[in-house]
Each structure stands twice: as structure tokens, then as C-alpha cells.
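Coordinates in review
The residues making up each chain are set out below.
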Amino acid sequence: MFDFIVSFINEVRSYFVPERIVYDIEGECNKCGKCCNYMYSVDTYTEKEFKIMQFLFPAYKRFYIKGKDDDGRLIFACKLVSPEGLCTVYNKRLPMCRKYPGKKTRFYAKFPEGCGYRIKHKNFKDYLE
Ligand code: SF4
Ligand code: SF4
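About the criteria used
- Residues numbered from 1 in each chain as written.
- Chains lettered and ligands numbered in written order.
- Predicted model: local features only at pLDDT ≥ 70, side-chain atom pairs only at ≥ 80, totals over all residues.
- Helix = DSSP H or I, 4+ residues; strand = E, 2+ residues; numbered from the N terminus.
- Rg over C-alpha atoms; globule rule 2.2 N^0.38 Å.
- Buried ≥ 20, exposed ≤ 12 C-beta atoms within 10 Å, placed from the backbone.
- Contact = placed C-beta atoms within 7 Å.
- Pairing = 2+ DSSP bridges.
- Near = placed C-beta within 6 Å.
- Nonpolar A, V, L, I, M, F, W, Y, C, P; charged D, E, K, R; others polar.

1. Looking at the overall build of the protein
Secondary structure assignment for the protein yields six helices and five strands. In summary, the protein has a C-alpha radius of gyration of 19 Å against a globular reference of 14 Å for 129 residues, an excess of more than 25%. In terms of principal-axis extent, the alpha carbons of the protein reach across some 65 × 35 × 30 Å. For the protein, buried positions account for 3% of its 129 residues. Put simply, 63% of the contacts in the protein that link residues at least 6 apart link residues at least 24 apart.

Here's what the structure looks like:
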């Protein structure tokens, strides 16, 4: 009976696994500046949405649309990064820049090639635990 209850609880919990997945981020910044020159937005899909976002948040006027990737998703860059890849307003950079990339992410994201950070991907055993 006890085994059945445990199995039942685990079955119910399994439906929530995708919500619980969090990836650890490890590594350190090597100041290449790629993240300021090549970024995606999780909630801005069109040029029009980008203009609305800039209207609502004037601080985002520092960003511009650099192009699109092979899947048609917008790629953004910042006007305030130096040719050497350093932030020219480092002490006044946005909160999102200060927090980037954080210690954990809920997205199965990738860092730019050459970035000093990496996402610690979990294997099946990790998920079971
Ligand atoms: S891409 Fe990575 S290593 Fe390069 S500046 Fe950004 S956080 Fe640092
Ligand atoms: S404000 Fe500075 S840190 Fe933020 S994206 Fe622009 S150059 Fe990078």
C-alpha cells in the first residue's frame, strides 16, 4: 500500500518536472563583449514590438536590431559597447546587464561562442534525483 502511495505521488510530481528544471551556469566572463553585440529577447518578436518596447522603456533605445538568425528571430546589439567589447557606461549599465548571466536559468539557452560561461546540462539521472 505504501509503495502504491509513493508511486502515485511520484506520478503526480512527474507532471511538474518541466516546471522544475533549472540549469546551473558556471564559468566566468572573459570580457569578449559578444553578449552586448549579439542578443535575443524572450518577448520581442517583431520590429514593431521592439519599437513599442523602446517607447515604453527609453533606456532600451541603446539597443538596435542587428539582423535575424536563420529561424527569423531578431538579433539585437547595444550601441554602447566599444570596438574592444567593453561597456562604455559600465557604472551606469542596465540592471539586466548587471545581472547577466546570473547563476541559474530556466531556459535551455546557449551562450555566444567563446563566452567564458556555460550551462551545466543535466543528464537523465540528475532529473530522476
Ligand atoms: S559573451 Fe560571455 S565572456 Fe563574453 S562578455 Fe559576455 S558574459 Fe563575458
Ligand atoms: S549597456 Fe553596456 S553591458 Fe549593457 S548591453 Fe550595452 S554595452 Fe553591454
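2. Some thoughts on the sheet that holds strand S1 (residues 23–27)
In a beta sheet, neighbouring strands pair by backbone hydrogen bonds and run either parallel or antiparallel. Taken together, the three strands give an open sheet; going across it, the order is S4-S1-S5, and neighbouring strands pair in antiparallel fashion. Each having just a single partner strand, strand S4 (104–105) and strand S5 (117–120) make up the two edges of the open sheet. Pairing of S1 with S4 involves two bridges; the strand directions are antiparallel. Paired with aspartate 24 across the strands is lysine 104, a residue of S4.

3. Description of the environment of cysteine 115
Assignment of secondary structure puts cysteine 115 in the loop between S4 and S5. Spatially, the C-alpha atom of cysteine 115 lies 7.4 Å from that of lysine 34, the residues being 81 residues apart in sequence. With residues near it in sequence (within four places) discarded, cysteine 115 still touches Cys32, Lys34 and Cys35.

4. Section: the site of ligand 1
Ligand 1 sits among 13 residues. The nearest are Cys29, Cys32, Lys34, Cys35 and Cys115. Broken down by class, the residue content of the shell around ligand 1 amounts to eight nonpolar, three polar and two charged.

5. Details of unusual backbone geometry
Tyrosine 100 connects to proline 101 through a cis peptide bond whose omega is -5°. Note that proline 101 resides in the loop between helix H5 (95–99) and S4. Not every positive phi belongs to a glycine, and lysine 31 is a case in point at roughly 60°. A count of 11 C-beta atoms within 10 Å places lysine 31 in the exposed class.

6. Points about the environment of tyrosine 60
Of note, tyrosine 60 is situated in the loop between helix H4 (47–56) and strand S2 (63–68). Residues tyrosine 60 and alanine 77, spaced 17 residues apart in sequence, show a C-alpha to C-alpha distance of 11 Å. Beyond its immediate stretch of four places on either side in the chain, tyrosine 60 contacts Met53 and Gln54.

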